[in-house]
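Understanding the architecture of this molecule
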Amino acid sequence: MNLSQRAYIRISAALPAAFSFRTDLLFPRLGLPELGPFNGQLKRQEIIRELLAATSFDEIVETGSFRGTTTRFLSDVSGLPVHSAEIADRFYRYAAVKCRGLPGVRLYHADSRKMLHILSKRPGNPALLFYLDAHWQEDVPRYQELEIIRARWRRAVVMIDDFRVPGDPGYQFTSYHGTPLDVNYLPELPGWKAFYPKSDSADETGAKRGCVVLASPELAPAVAALSSLRTGELTRQSIANG
Ligand SMILES: C[S@@+](CC[C@H](N)C(=O)[O-])C[C@H]1O[C@@H](n2cnc3c(N)ncnc32)[C@H](O)[C@@H]1O
């Protein structure tokens, strides 16, 4: 990051969100880097395309819209309704501009858990694809997001960004309050299966962030058949060893 980018980030953070999102739109290269959908990762985008082709999802749910880049992509590649929650006023406003004119996209200026609660109250047994990517705040919603999903949706596939990929240290991952984001971080998910990218991190593009794909018992067989994913372990013990 060069000097002008650092200065822009510091100065714009002091501005009201109603103003800073406009300067972000005016000077897209100056602020936080914009890598493209799914951190600019083409292999990851392939996983999404495969998931969409293999399963008849009814809707997609993203947590953490940021600039709306992945939100747009998900709408474009799927043609499905996309729900996305963003807690920060500045990013919500930005994403709203970027997703303007996409009739299938519904943005929530809300905590992701609140959006999930709203969605969970609707009747029916839809198949949902979740992309969990809300963080950067002290209060990380990941664990509770998964609890809400597990309790409500029987037909669910969940991709979690920034996840540790066992056996491939080239994939970057995050830690929350000193705890790495891996299977040890997850709530109990009885009967669910875990999958990791089959591609080596060396063949991935963009930020090379790791991910896990979790599938509910009903959808796991379809996900297991995908060529872009390999089966992983969901038990805490085995990951601690691996
Ligand atoms: C890594 S960025 C999301 C990137 C985006 N999904 C993409 O692919 O371009 C994380 C975003 O999550 C937002 N966020 C953090 N905590 C949140 C919460 N509890 N609910 C909703 N959004 C949250 C942050 O403000 C930030 O914009």
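Residues numbered from 1 in each chain as written. Predicted model: local features only at pLDDT ≥ 70, side-chain atom pairs only at ≥ 80, totals over all residues. Heavy atoms only, no water.

**Details of helix α6 (residues 89–98)**
Inspection of α6 places R90, F91, Y94 and A95 among the buried residues, and these make up the whole buried set. End-on view of α6: buried residues confined to an arc of 125°, all on one side of the axis. Lining the buried residues of α6 we find α1 (3–13), α2 (17–26) and β3 (105–108). (Buried < 20%, exposed > 50% of the residue type's maximum accessible area, 1.4 Å probe, protein only. Helix = DSSP H or I, 4+ residues; strand = E, 2+ residues; numbered from the N terminus. Arc of directions from axis to C-beta. Contact = heavy atoms within 4.5 Å.)

**Quick look at the domain arrangement of the chain**
In terms of domain boundaries, the chain breaks down into domain 1 (1–33) and domain 2 (35–241). Computed over C-alpha atoms only, the centres of domain 1 and domain 2 are separated by 27 Å. The partner domain 2 presents eleven residues to the eleven residues of domain 1 that form the contact. Of the roughly 1,000 Å² buried at the junction of domain 1 and domain 2 (both faces included), carbon and sulfur atoms supply 62%. In this structure, D24 engages R90 in a salt bridge whose closest nitrogen and oxygen atoms are separated by 2.7 Å. Between the two partners, domain 1 and domain 2, sit three residue pairs in polar contact (both at pLDDT 80 or more). Of all elements in the fold, only α1 and α2 reach the threshold of two or more residues within the side of domain 1 that touches domain 2. Classifying every residue of the side of domain 1 that touches domain 2 by side-chain character gives eight nonpolar, two polar and one charged. (Domains from an automatic or database assignment. Buried area = accessible area lost by both parts, 1.4 Å probe. Salt bridge = Lys/Arg side-chain N within 4 Å of Asp/Glu carboxyl O. Polar contact = N/O pair within 3.5 Å; in protein donor to acceptor, adjacent residues only side chain to side chain. Nonpolar A, V, L, I, M, F, W, Y, C, P; charged D, E, K, R; others polar.)

**Details of the site of the ligand**
Close contacts around the ligand come from 20 residues, with G64, T70, E86, D133 and H135 the closest. Contact distances for the ligand include 2.8 Å between a nitrogen atom and a backbone N or O atom of S112. When the free accessible area of the ligand is taken as 600 Å², the share hidden by the protein chains comes to 96%. Looking at the shell around the ligand, its residues break down into ten nonpolar, six polar and four charged. (Near = heavy atom within 4 Å. Areas by Shrake-Rupley, 256 points an atom, 1.4 Å probe, with all protein chains shown as cover.)

**Describing the nonpolar core**
In this structure, F130, I149, V158, I160, F163, L186 and L214 are the most contacted members of the largest nonpolar core, which totals 32 residues. Sorting the residues of this core by element identifies α7 (112–120), β4 (127–132), α8 (142–152), β5 (155–161), β8 (193–197) and β9 (211–215) as the ones contributing at least two each. Judged by nonpolar contacts, the second largest core, of 30 residues, contains I48, F57, V82 and A127. (Core = buried A, V, L, I, M, F, W, Y, C linked by side-chain atoms within 4.5 Å.)

**Notes on the packing of aromatic side chains**
Taken as a whole and judged by the stated rule, the model has eight aromatic pairs. Between F38 and F73, the aromatic rings sit 5.8 Å apart at their centres with planes inclined by 80°, giving edge-to-face as the arrangement. Of this pair, F38 sits in helix α3 (residues 37–40) while F73 sits in helix α5 (residues 69–78), and the two are 35 residues apart along the sequence. In this structure, F38 and F73 share a single accessibility class: buried. Note on F38 and Y131: the rings are 4.6 Å apart at their centroids and 55° apart in plane angle, and the pair reads as tilted. Separated by 93 residues along the polypeptide, F38 in helix α3 and Y131 in strand β4 bring together distant segments of the chain. For the residue pair F38 and Y131, the accessibility class agrees, reading buried in each case. Pairwise contacts between aromatic rings join F38, F73 and Y131 into one cluster. Just above the ring of Y94 sits the side chain of R67; from NZ or CZ to the centre is 4.9 Å. (Phe/Tyr/Trp six-rings, centres within 6.5 Å; stacked < 30°, edge-to-face > 60°. Lys NZ or Arg CZ within 6 Å of the ring centre and 35° of its normal.)

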